[in-house]
Amino acid sequence: MKRFPRPTIVAAVAGAAAFALLASGCAPAADSSESEGGKIKLTVATFNEFGYEGLFEQYMEENPDVTVVAKKAATSNEARDNLTTRLAAGSGLSDVEAIEVDWLPELLQYSDQFVDLTSDEVEGRWLEWKEEAATDADGNLIAYGTDIGPEGVCYRSDLFAAAGLPTDRAEVATLLGDSWDSYYAAGETFSAAGTNVPWFDSAGATWQGVINQFDNAYEENDGTVIATENPEVKAAYNSVLDASSTLSAHLQQWSDDWTASFQNDGFATMLCPGWMLGVIEGNAAGVTGWDIADTFPGGGGNWGGSYLTVPTQSEHPEEAKALAAWLTAPEQQLSAFASKGTFPSQVDALESPELLDSTNEFFNDAPVGQILATRAAAVEVTPFKGVKYFPINDAMQQALTRVEDASMTREQSWEQFVTDVNALG
Amino acid sequence: MTAATEVDARAIRRIAFNHRLSHWDVKLSPYLYISPFFIVFALIGLFPLGYTAWVSLHDWNLIGGQGDFVGLENFQTVLAQPYFWISLRNTFSIFLLSAVPQVIAAIAIAAVLDFNLRGKTFWRMGVLLPYVVAPVAVALIFNDLFGDKYGVINQLLNTVGIESIRWHVDIIPSHFAIATMVNFRWTGYNALIFLAAMQAVPRDYYEAAIIDGAGRWRTFWSLTVPLMRPTIIFVIITSTIGGLQIFDEPRMFDQYGQGGASRQWQTLTLYIYELGWNQRNFGRASAVSWLLFLIIILIAALNFYISRRISATSDKAIKVRPIKARGIS
């Protein structure tokens, strides 16, 4: 047997050791939130645009013992994956985590993972329905409201004029009325004028407006699923499809065809939360005639909006809570509104002249601040959204799509919806 | 005297120890050298596999974590779901629509690139370019082409009087559209692998074949293709594994990423995603993952069996055909 020189062993052992070191180096490094020079470091995780950049600087100036580190995810989906994964892992979350209203149902299930933020300082700061949605069954407030998405109706005044309808936004609000029937009836009048333009974008988009006006559409407050037996859901399904058969452009919201349709006179009206104004302006660049009416069928409506939470994982929950309270105070949210257009949910902010005087040039200089503040006040219902709300609503959206694209009849599609809901188990 | 024997004994012991060391060296070092791969594989391959099996036997929520042990209930439930079978159908349909044309087109492109073209490197880099583009970017571009209403293809069809194809409603058109994105991305990559195999064919074979009077077509079928068989088998197996796990393209095909209102283009991986992230049911998602794993093993075994038969016949082909060719000429 040929003898190997000894260095081979040494090299092999060294190699293996180096590899082991490398492997252990992959373990997550402890996120040191401890002070540099006695300062407390607070991380704040947000997504999209919260308009907080300048505010962090201001807070650090006013509180010299605190360093704020901002983390920003590009999309809310990314932020959500990050939040749920690290909640499950039990570590790695920021001191302040921003969340969207849609995630609340499932986060409220794990409300013990979040610091109770109730305090006298914030008593009555928000619109009642905004605060109620973030309160768990035991009365703990797990999140401070930031912005909201009160809905009006956006319309194309040029297409209205072509159909011989009024174009002034006050007259349009009267024409559209405040019920779904009057909204659809106005659509029939519009179609009868022979403009060949559909009234609204899709059954699914309209459904979002309708379903958010029920207290318990899909689930009872104890989580029992009633979606398939609830006569209100079936009736709403039928009425939306009745309207859609003559009035809809059958363009699924956010599809490429939907985006392209803004440049092609795709439809004349759409239900329109505050943040949608920016979306329309982007998609309809160069198109003139968009305006917004101060009304919403069937009462008020809210779509979207965010909150700030403090996970119990935070090492400085008190300081984090103070920062979250400061960021969601009316003054700060007004400055966020000024910088990124996030519509505030604080009662005082909604009354401030700064907000009420704001107008939007693209929407024919409409006083959007004034209109959206009225729309926010009109919201009466806080729909119950349990853990199964989103899968059920997805199934419903698909049921509506199947009828709109004629791949199933209304009855077949309902049967499929019932099967889908039952499969959620 | 005693001191000398002691020194001897120590020397003998040291020599014996050195022998033992070198013995271990020979026996163990090779394993140590290859161990990094297996350690990494165990960490990121074997462990997740076993853990997924463990999860699939429980009620398991994404945030809530482990629930009750339920045995094979998750498997029973998903096997009874129509969407599982629809996804299976879609996965195979999209796989066949992409893999088959892809391999044929890649061989054709490689054969063209194998000619003595001007600006060789330019053309070779050109076919690889789609592979460099991120799948999500590919999907964005193709979604503009395959729009139901305002898509470029349908508008072109309309101008020549053909009715719009409902890419996002009908089953086969949606599979075709997704397969097109996959083909766009992978054909060039496979073509380069085939090209490398073609260039490894010794040029004297071609000379001999040409002297024997074989034409271009004949040399391609009787020489190039049989000699490329191991590479063809490699490409088929890798594209099978990739094709059965296809995710990005169907997920990006519409704005919801769930595979359509009637699950027209939902693949098994999309179904896993829906169970895990939309319904938060990790137990069922893991069950489907394991079923997919078993399906891939089954298909890979089938591939292996068929490919072994093909390579057995290929030896015969090479031995026999040139002789025949000589006989004819």
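Residues numbered from 1 in each chain as written. Chains lettered and ligands numbered in written order. Predicted model: local features only at pLDDT ≥ 70, side-chain atom pairs only at ≥ 80, totals over all residues.

Section: the overall build of chain B
So, point 1. Along its length, chain B carries 13 helices and two strands.
So, point 2. In terms of overall dimensions, chain B is more spread out than a globule: its C-alpha atoms have a radius of gyration of 28 Å, far above the 20 Å expected for 329 residues.
So, point 3. Along the first, second and third principal axes, the C-alpha atoms of chain B reach 110 × 75 × 35 Å.
So, point 4. Looking at chain B as a whole, 29% of its 329 residues are labelled buried.
So, point 5. Summarising the internal contacts of chain B: among those between residues at least 6 apart in sequence, 68% fall at separations of at least 24. (Helix = DSSP H or I, 4+ residues; strand = E, 2+ residues; numbered from the N terminus. Rg over C-alpha atoms; globule rule 2.2 N^0.38 Å. Buried ≥ 20, exposed ≤ 12 C-beta atoms within 10 Å, placed from the backbone. Contact = placed C-beta atoms within 7 Å.)

So, the overall build of chain A
So, point 1. When its secondary structure is counted, chain A shows 19 helices and seven strands.
So, point 2. Dimensions of chain A, computed from the C-alpha atoms along their principal axes, are close to 95 × 65 × 45 Å.
So, point 3. The buried share among the 425 residues of chain A stands at 44%.
So, point 4. For chain A, the proportion of contacts with a sequence separation of at least 24, taken over those separated by at least 6, is 75%.

Digging into the interface of chain B and chain A
Accessible area lost upon the coming together of the parts is a frequently used measure of interface size.
So, point 1. Taken together, the contact pairs 25 residues of chain B with 31 residues of chain A.
So, point 2. Among the elements of the structure, α1 (2-56) and α5 (135-145) of chain B are those that each provide at least two residues to the side of chain B that touches chain A.
So, point 3. When residues in the side of chain B that touches chain A are grouped by element, the largest group, seven residues, is from α1(B).
So, point 4. Taken together, the residues of the side of chain B that touches chain A break down into nine nonpolar, eleven polar and five charged. (Nonpolar A, V, L, I, M, F, W, Y, C, P; charged D, E, K, R; others polar.)

What to know about helix α14 (residues 330-340) of chain A
Residues and elements named next belong to chain A.
So, point 1. Within α14, burial applies to Gln-332, Gln-333, Ala-336 and Phe-337. Take α14 and look down its axis: the buried residues cluster within an arc of 145°, on one side only.
So, point 2. Turning to α14, the residues buried within the fold contact α2 (53-62), β4 (143-156), α13 (317-327), α15 (347-350) and α16 (353-356).
So, point 3. Count one or two residues on from α14 and you reach Gly-341, which has phi positive near 75°. (Arc of directions from axis to C-beta.)

Quick look at the confidence of the model for chain B
Residue and element names in this part refer to chain B.
So, point 1. For chain B, per-residue confidence averages 87 on the pLDDT scale, and residues scoring 70 or more make up 92% of the total.
So, point 2. Low confidence marks residues 317-329, where pLDDT is under 50. Its contacts with residues over four positions away, or in another chain, come to eleven contacts.
So, point 3. Both scores are available for the predicted complex, with the pTM at 0.79 and the ipTM at 0.74. (pLDDT = per-residue confidence, 0-100.)

Examining the nonpolar core
So, point 1. Counting residues in each nonpolar core, the largest one holds 108 residues, and the members touching the most others are Val240(A) and Ala324(A).
So, point 2. The residues that make up this core include at least three from each of domain 1 (40-148 + 304-356) and domain 2 (149-301 + 365-423) of chain A.
So, point 3. If we ignore the near neighbours within four places in the chain, the residues touching Val240(A) are Ala203(A), Thr206(A), Trp207(A), Val210(A) and Leu400(A).
So, point 4. Within the second largest apolar cluster, 18 residues are counted, among which are Ile94(B), Phe142(B), Trp186(B) and Phe253(B). (Core = buried A, V, L, I, M, F, W, Y, C linked by C-beta atoms within 7 Å. Domains from an automatic or database assignment.)

Overview of the domain arrangement of chain A
Residue and element names in this part refer to chain A.
So, point 1. Its domain assignment divides chain A into domain 1 (40-148 + 304-356) and domain 2 (149-301 + 365-423).
So, point 2. In this structure, domain 1 and domain 2 have C-alpha centres spaced 29 Å apart.
So, point 3. Looking at the side of domain 1 that touches domain 2, the elements that each hand over two or more residues are α4 (104-109), α5 (128-132), β7 (302-309) and α16.
So, point 4. With three residues, the top contributor of residues to the side of domain 1 that touches domain 2 is α4.
So, point 5. Its residues assigned to classes, the side of domain 1 that touches domain 2 comprises nine nonpolar, four polar and three charged.

Some words on the UniProt feature "domain: ABC transmembrane type-1" (unreviewed entry) in chain B
So, point 1. Annotation from UniProt places "domain: ABC transmembrane type-1" (unreviewed entry) at residues 88-303 of chain B.
So, point 2. Measuring from the first to the last C-alpha atom of residues 88-303 of chain B gives 18 Å, for a span that is 75% helix and 0% strand. (UniProt positions renumbered as here; feature names shortened; annotations may be inferred.)

Quick notes on the UniProt feature "transmembrane region" (unreviewed entry) in chain B
Residues and elements named next belong to chain B.
So, point 1. The feature "transmembrane region" (unreviewed entry), as annotated in UniProt, sits at residues 30-51, 92-115, 122-142, 186-206, 227-247 and 287-306 in this numbering.
So, point 2. End C-alpha atoms of residues 186-206 are separated by 29 Å, and the span's content is 86% helix alongside 0% strand.
So, point 3. For residues 287-306, the helix share is 100%, the strand share is 0%, and the end-to-end C-alpha distance is 29 Å.

Describing the domain arrangement of chain B
Residue and element names in this part refer to chain B.
So, point 1. The assigned domain composition of chain B is domain 1 (2-56) and domain 2 (73-328).
So, point 2. Taken over C-alpha atoms, the centre of domain 1 sits 44 Å from the centre of domain 2.
So, point 3. Facing the four residues of domain 1 at the interface are seven residues of domain 2.
So, point 4. Looking at the side of domain 1 that touches domain 2 residue by residue, the class counts come to two nonpolar, two polar and no charged.

Side note on the environment of Glu207(B)
So, point 1. Take Glu207(B): it is sitting in helix α8 (residues 203-211).
So, point 2. Put simply, Glu207(B) and Thr219(B) are twelve residues apart on the chain and 9.9 Å apart in space, counted from C-alpha to C-alpha.

A look at the pairing of strand β6 (residues 290-293) of chain A
Residue and element names in this part refer to chain A.
So, point 1. A two-sided burial pattern is seen for β6, the buried positions comprising Trp-290 and Ile-292 on one face and Asp-291 and Ala-293 on the other.
So, point 2. Of the strand pairs in this sheet, β4 and β6 are connected by four bridges, and their pairing is antiparallel. Following the sheet pairing, Tyr-155 is matched in β6 by Asp-291. (Pairing = 2+ DSSP bridges.)

Some points on the confidence of the model for chain A
So, point 1. For chain A, per-residue confidence averages 87 on the pLDDT scale, and residues scoring 70 or more make up 91% of the total.
So, point 2. Across residues 1-33 of chain A, where pLDDT falls below 50, the model places 17 contacts with residues more than four positions away in sequence or in other chains.

With respect to the packing of helix α9 (residues 203-211) of chain A against helix α18 (residues 389-404) of chain A
Helix-helix packing is characterised by the crossing angle of the two axes and by the distance between the axes.
All names here are of chain A.
So, point 1. The interhelical angle for the contact between α9 and α18, taken along N-to-C directions, is 140°, at an axis separation of 9 Å. Considering the angle they form, α9 stands oblique to α18. Where α9 crosses over α18, the handedness of that crossing is right-handed. Note on element contacts: α18 touches α9 through Met-396, Gln-397, Leu-400, Thr-401 and Glu-404, opposite Ala-203, Gly-204 and Trp-207. (Axes fitted to C-alpha atoms, helices over the stretch in contact; angles between N-to-C directions. Parallel < 35°, antiparallel > 145°, perpendicular 65-115°, else oblique. Left-handed = near helix turned anticlockwise from the far one by under 90°.)

Considerations on the environment of Ile141(B)
All names here are of chain B.
So, point 1. Checked against the element boundaries, Ile-141 lands in helix α5.
So, point 2. Owing to 12 C-beta atoms within 10 Å, Ile-141 belongs among the exposed residues under this scheme.
So, point 3. Along the backbone, Ile-141 and Met-181 are 40 residues apart, and their C-alpha atoms lie at a distance of 9.4 Å.

A closer look at unusual backbone geometry
So, point 1. Phi at Ala406(A) is positive, roughly 60°, even though this residue is not glycine.
So, point 2. The class of Ala406(A) is exposed, set by 10 C-beta atoms lying within 10 Å.
So, point 3. For Arg263(B), which is not a glycine, the phi torsion comes out positive at approximately 60°.
So, point 4. Taking the number of C-beta atoms within 10 Å as the measure of exposure, Arg263(B) has 22 and is therefore buried.

Details of the environment of Ile162(B)
So, point 1. Topologically, Ile162(B) is positioned in the loop between α6 (152-159) and α7 (171-199).
So, point 2. Expressed as a C-alpha distance, the spacing of Ile162(B) and Ala110(B), which sit 52 residues apart in the sequence, is 35 Å.

Digging into helix α19 (residues 410-423) of chain A
All names here are of chain A.
So, point 1. Between its first and last C-alpha atoms α19 spans 20 Å; for 14 residues at 1.5 Å apiece the expected length is 20 Å, and the two agree.
So, point 2. The inward-facing, buried residues of α19 contact α10 (231-247) and α18.
So, point 3. One or two steps after α19, the chain reaches Gly-425, where phi turns positive at roughly 55°. (Expected span 1.5 Å × (residues − 1).)

Considerations on the pairing of strand β2 (residues 65-69) of chain B
Residue and element names in this part refer to chain B.
So, point 1. Burial runs low along β2: only zero of the five residues are buried.
So, point 2. Alignment of strand β1 (residues 58-61) against β2, held across three bridges, turns out to be antiparallel. Residue pairing across strands places His-58 opposite Phe-69, the latter belonging to β2.
So, point 3. In this structure, the hairpin formed by β1 and β2 is closed by a connection of three residues.

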